[in-house]
Amino acid sequence: KDKWHGEQARNQHTQESLDVFDELIEFYINNNYTYSLNIENLEYPKYPATIEEITEVSELLASHRNIKTGIVFDIGHL
């Protein structure tokens, strides 16, 4: 059984992932990077796996106007 099985575990995994993205954003901004941060879809149970999760991460990154973002659809993970 996957350790992220179940809604409560998935919510915990999601929050931990978003916390890591927050750290990445802080690092990106503090170092004045200008490259595009691209979000790749991952296979479940990894995060982000669903279109809703990809949208969640994309909106988090887009909330910082100085960060260029993109989405990479890895068809092997669909």
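Residues numbered from 1 in each chain as written. Predicted model: local features only at pLDDT ≥ 70, side-chain atom pairs only at ≥ 80, totals over all residues. Heavy atoms only, no water.

### Description of the side chain of Glu53
- Summarising the element assignment, Glu53 is placed in helix 2 (residues 51-62).
- Discounting chain neighbours no more than four positions away, the residues touching Glu53 are Arg10, Thr14, Lys46, Tyr47 and Pro48. (Helix = DSSP H or I, 4+ residues; strand = E, 2+ residues; numbered from the N terminus. Contact = heavy atoms within 4.5 Å.)

### Description of the environment of Pro48
- Within the fold, Pro48 resides in the loop between strand 1 (37-40) and helix 2.
- Residues Pro48 and Leu18, spaced 30 residues apart in sequence, show a C-alpha to C-alpha distance of 9.7 Å.
- In contact with Pro48, other than residues within four places in its own chain, are Ile39, Glu40, Asn41, Leu42, Glu53, Ile54 and Val57.

### A short note on helix 1 (residues 7-30)
- When the terminal C-alpha atoms of helix 1 are compared, their 34 Å separation across 24 residues agrees well with the 34 Å that a helix rising 1.5 Å per residue should span.
- Those residues of helix 1 that fall on the buried side of the exposure criterion are Ala9, Arg10, His13, Thr14, Ser17, Leu18, Phe21, Ile25 and Tyr28.
- Along its buried surface, helix 1 packs onto strand 1 and helix 2.
- Asn32 sits one or two residues past helix 1 and shows a positive phi near 55°. (Expected span 1.5 Å × (residues − 1). Buried < 20%, exposed > 50% of the residue type's maximum accessible area, 1.4 Å probe, protein only.)

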